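Read off the chains here:
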Amino acid sequence: MSARNIRAHQTRGLLPPPMRHGRSAYYGQVHLRRLERITLLQKQGFNLASIAATLGTVTSDRETGRLDEAMADIARDQPLLFGSLERHGLLGRDEAGAVTIARPAVSRAVSELAGAGIPPAVALRLLGRFMDRVSPVAETLVGVSAEQLAADGGSSAAQTACLAEVLVSAFRTAVENAVELTFPGSDRAAWAR
């Protein structure tokens, strides 16, 4: 993919901006996976508007404004939390130095929490703590699954992508089950998508 296409995807909101350190821009695994997903969807015949809807990159201006303000506050007032969210690839800085969310799904989820009455700053703090705890577990489980996949003769990019989808779906199911147990009587249809 050309640099021009990458910049166009960033402009459309399909791809988060690169992480900035000084004048250098860094693209990580998050960016690579997103580009691979965009390319796959394009090959399947989806247009860019459909891809944006599929990836959940559209939020309202009001929600975006509240979230931008909360991110700037966290970067300024809570540098350890910002560092954690940045380390986990959830937040970063754009070319102008403004704090950005590197994962549109995170932006959408935090905005939905705000709509449900949980301020974005609270949601981002919760997210930072959660990521600090779950990342080591995820690394272990992915490592074990990758070893099993390799032992069974699989290691192609397509197989790895499918493995990632299976693990994400399994984790989502585990979280949904835990929420159901923790909050009995909650309407699963309202929160499980």
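For the structure given in this document, a descriptive report is provided here. These numbers were taken from a predicted model, which means no experiment stands behind them.

Concerning the overall build of the protein chain
The secondary structure content of the protein chain amounts to 9 helices and 4 strands. Listing the helices and strands of the protein chain from first to last along the sequence gives α-β-β-α-α-α-α-β-β-α-α-α-α. Long-range contacts, defined as pairs at least 24 residues apart, comprise 50% of the intrachain contacts of the protein chain with a sequence gap of at least 6. Working note: accessible area of the protein chain is about 12200 Å², and carbon and sulfur atoms make up 58% of it.

Describing the packing of aromatic side chains
In total, this model carries 1 aromatic pair according to the counting rule given. With a centroid separation of 6.3 Å and an interplanar angle of 50°, the aromatic rings of Phe130 and Phe171 are classed as tilted. Highlighted residues: Phe130 in helix H7 (residues 120-151) and Phe171 in helix H8 (residues 157-182), separated in sequence by 41 residues. Residue classification places Phe130 among the partly exposed positions, given a relative accessible area of 38%. For Phe171, a relative accessible area of 41% puts it in the partly exposed group.

Overview of helix H3 (residues 48-55)
By the burial criterion, the buried members of H3 are Ile51, Ala52 and Leu55. Within H3, the buried residues cover an arc of 100° as seen down the axis, which keeps them to one side. Residues of H3 that are exposed and point more than 90 degrees away from the buried face comprise Ala49 and Ala53.

Some remarks on the pattern of salt bridges
Inspection of every chain in the model, using the stated rule, returns 4 salt bridges. One salt bridge connects Asp73 with Arg76, and the closest N-O pair in it is separated by 3.0 Å. With a gap of 3 residues between them, Asp73 and Arg76 both fall in helix H4 (residues 61-77), about one helical turn apart. Take Asp73: its relative accessible area is 29%, and that puts it in the partly exposed class. Residue classification places Arg76 among the exposed positions, given a relative accessible area of 55%. The salt bridge partner of Asp132 is Arg87, with a shortest N-O separation of 3.0 Å. Of this pair, Asp132 sits in helix H7 while Arg87 sits in helix H5 (residues 79-87), and the two are 45 residues apart along the sequence. Judged by relative accessible area, which is 59%, Arg87 ranks as exposed. It is possible to trace a salt-bridge network through shared partners that takes in Asp73, Arg76 and Asp77.

Looking at the environment of Pro18
Within the element layout of this structure, Pro18 appears in the loop between helix H1 (3-12) and strand S1 (19-21). Owing to a relative accessible area of 2%, Pro18 belongs among the buried residues under this scheme. Each C-alpha atom, one on Pro18 and one on Asp94, is 6.7 Å from the other, the two residues being 76 residues apart in sequence. Contacts of Pro18, omitting those with residues within four sequence positions, involve Gln10, Ala25, Tyr26, Tyr27, His31 and Arg93.

Notes on the environment of Met131
With respect to the secondary-structure elements, Met131 resides in helix H7. Between the alpha carbons of Met131 and Leu85 there is a distance of 7.9 Å; along the sequence they are 46 residues apart. For Met131, the contacting residues outside a window of four places in its chain are His88, Leu90 and Pro136.

A few points about the nonpolar core
One finds Met71, Leu85, Leu91, Leu124 and Leu127 to be the most contacted residues of the largest nonpolar core, which totals 19 residues. Breaking this core down by element, the ones donating at least two residues are H4, H5, strand S4 (99-101), helix H6 (104-115) and H7. One finds Ile38, Leu41, Ala52 and Leu55 within the second-largest nonpolar core, a separate group that totals 6 residues.

Definitions and cut-offs
- Residues numbered from 1 in each chain as written.
- Predicted model: local features only at pLDDT ≥ 70, side-chain atom pairs only at ≥ 80, totals over all residues.
- Heavy atoms only, no water.
- Helix = DSSP H or I, 4+ residues; strand = E, 2+ residues; numbered from the N terminus.
- Contact = heavy atoms within 4.5 Å.
- Areas by Shrake-Rupley, 256 points an atom, 1.4 Å probe, with all protein chains shown as cover.
- Phe/Tyr/Trp six-rings, centres within 6.5 Å; stacked < 30°, edge-to-face > 60°.
- Buried < 20%, exposed > 50% of the residue type's maximum accessible area, 1.4 Å probe, protein only.
- Arc of directions from axis to C-beta.
- Salt bridge = Lys/Arg side-chain N within 4 Å of Asp/Glu carboxyl O.
- Core = buried A, V, L, I, M, F, W, Y, C linked by side-chain atoms within 4.5 Å.

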